[in-house]
Amino acid sequence: MKRVVSGIRPTGKLHLGNYFGAVQSFLNMQSEYDCYFFIADIHSLTTHPTPEDLHANVRTVLAEYLAMGLDPAKCALFIQSDIPAIYELYTYLNMNAYVGELQRSTSFKEKIRSQPDNVNAGLLTYPVLMAVDILVHHADYVPVGKDQQQHLEMTRQFGNRFNNLYKTEYFKEPEAFSSTGKLVKVPGLTAQGKMSKSSGDADTIFIDEDDKVIHKKIMRAVTDSGPEKPGEKKSEGVQNLFDLMALVSSEDVIAHFDKAHSEATIRYGDLKKQLSEDILTFIRPIRERIREISADNAYIAQAAKIGAEKANASAEKTLKEVREIIGFKKFY
Ligand code: ADP
Ligand code: TRP
């Protein structure tokens, strides 16, 4: 069975963009592939979270993943720092990652610009750590967005370089992957681009938010003054609301509002009310589950434990083989 590996950094609550852009394809994949999904808490140390925040964020993301339907019986769902082999392989791969190529990575250059006061060595070697996450489980596929393509290219390069150095074909080349064949972009509510936790509260619908808050955000979403004559093109804000509808509403509902827009009879208030209702219908059961699971320490502990066991079994096997390839042999 093909192996799939993907990680998300625990930097906040999950939102609709995370759900439709990433988690939904994880859900589709978990029954079909041998999946390793993890919370990249070691990666998140580059931003120096407090111990309390680090722990709380990991717990939140784990509970949210479980609530959304990732099933510990179907996939290995684990926390990166629970896998000691990661640190070890990171040390080995750092020996054949060149400083020059790491400095040229787009994400590193972006960090130098955005946080000049915290350009730590962990940021420089971030792509090595990501390569380790992927190579340690011999992934065939890595479901990630476009922004991670360069990291994946570097992963292939580090794997191949190891193979060449030790004259082996040990690591295979992982490929980027989208379960639907196309990448989903979930727009924000303020017509300024994609929904993201960093794009502002008014822009973003978090899964674990109350009805009232969500309703208010949608009612305030950016639109325009309405089509003046039939057949007018939708403005960006209005198109965004239709794009969100495409994710949560029925075809009849979408067709109804599409027709009303093309006939210039649409009332955006009605469109927003309907969208708000459909988003809430989608979110409510997940939100209920998040709250149930968050209150259930034993379930969270059990899920993390099963995930760690599965991931450790795979990672330890790799490390045993890697040590031998490198030439570490016991004298005792
Ligand atoms: P954020 O943009 O909120 O910081 P992350 O960068 O942590 O989110 O993304 C986690 C995952 O969710 C990634 O796989 C990313 O591609 C996906 N994702 C985030 N926002 C969106 C969006 N608006 N549309 C589609 N996918 C998204
Ligand atoms: N770098 C990824 C991000 O910022 C998160 C990540 C870490 C990851 N390790 C990974 C994704 C391994 C896929 C596979 O979104």
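Residues numbered from 1 in each chain as written. Chains lettered and ligands numbered in written order. Predicted model: local features only at pLDDT ≥ 70, side-chain atom pairs only at ≥ 80, totals over all residues. Heavy atoms only, no water.

*Asks:* I keep staring at the site of ligand 1 and nothing clicks. Help me out?
*Replies:* The full set close to ligand 1 counts 13 residues, and H15, N18, V186, M195 and K197 are the nearest of them. Between a nitrogen atom of ligand 1 and a main-chain N or O atom of G17, the distance comes to 3.3 Å. Within the side chain of K194, a nitrogen or oxygen atom sits 3.3 Å from an oxygen atom of ligand 1. The dominant element in the shell around ligand 1, judged by the number of residues it contributes, is helix α1 (residues 16–30), at four residues. (Near = heavy atom within 4 Å. Polar contact = N/O pair within 3.5 Å; in protein donor to acceptor, adjacent residues only side chain to side chain. Helix = DSSP H or I, 4+ residues; strand = E, 2+ residues; numbered from the N terminus.)

*Asks:* Any chance you could explain the domain arrangement of the protein here in plain terms?
*Replies:* Think of interface size as the accessible area that goes away when the parts come together; that is how it is often given. Domain boundaries in the protein define domain 1 (3–184 + 297–326) and domain 2 (197–291). Between the C-alpha centres of domain 1 and domain 2 there is a distance of 33 Å. Each partner contributes to the interface: domain 1 provides 13 residues, whereas domain 2 provides 14 residues. Counting across the domain 1 and domain 2 interface gives zero salt bridges. Connecting domain 1 to domain 2 are five residue pairs in polar contact (both at pLDDT 80 or more). Broken down by class, the residue content of the side of domain 1 that touches domain 2 amounts to eight nonpolar, three polar and two charged. (Domains from an automatic or database assignment. Contact = heavy atoms within 4.5 Å. Salt bridge = Lys/Arg side-chain N within 4 Å of Asp/Glu carboxyl O. Nonpolar A, V, L, I, M, F, W, Y, C, P; charged D, E, K, R; others polar.)

*Asks:* Is there a simple way to think about the site of ligand 2 in this case?
*Replies:* All residues in the neighbourhood of ligand 2 are listed as S6, G7, R9, F38, H43, Y126, M130, D133, I134, V142, V144 and Q148. Side-chain polar atom of D133 to a nitrogen atom of ligand 2: 2.7 Å apart, as the coordinates give it. For ligand 2, whose unbound accessible area comes to 360 Å², protein coverage reaches 92%. Of all the elements in the fold, those that place two or more residues in the shell around ligand 2 are β1 (3–8) and α7 (126–135). Examining the composition of the shell around ligand 2, we find that four residues originate from one element, α7, more than from any other. (Areas by Shrake-Rupley, 256 points an atom, 1.4 Å probe, with all protein chains shown as cover.)

*Asks:* Would you mind going over the pairing of β1 with me for this structure?
*Replies:* Looking along a regular strand, one sees side chains alternate from face to face of the sheet. Pairing between β1 and strand β2 (residues 34–39): six bridges, direction parallel. Within β2, the position partnered with V4 by the bridge is C35. Each parallel crossover has a hand, and the one from β1 via α1 to β2 is right-handed. (Pairing = 2+ DSSP bridges. Right-handed = clockwise from strand over helix to strand, strands pointing away.)

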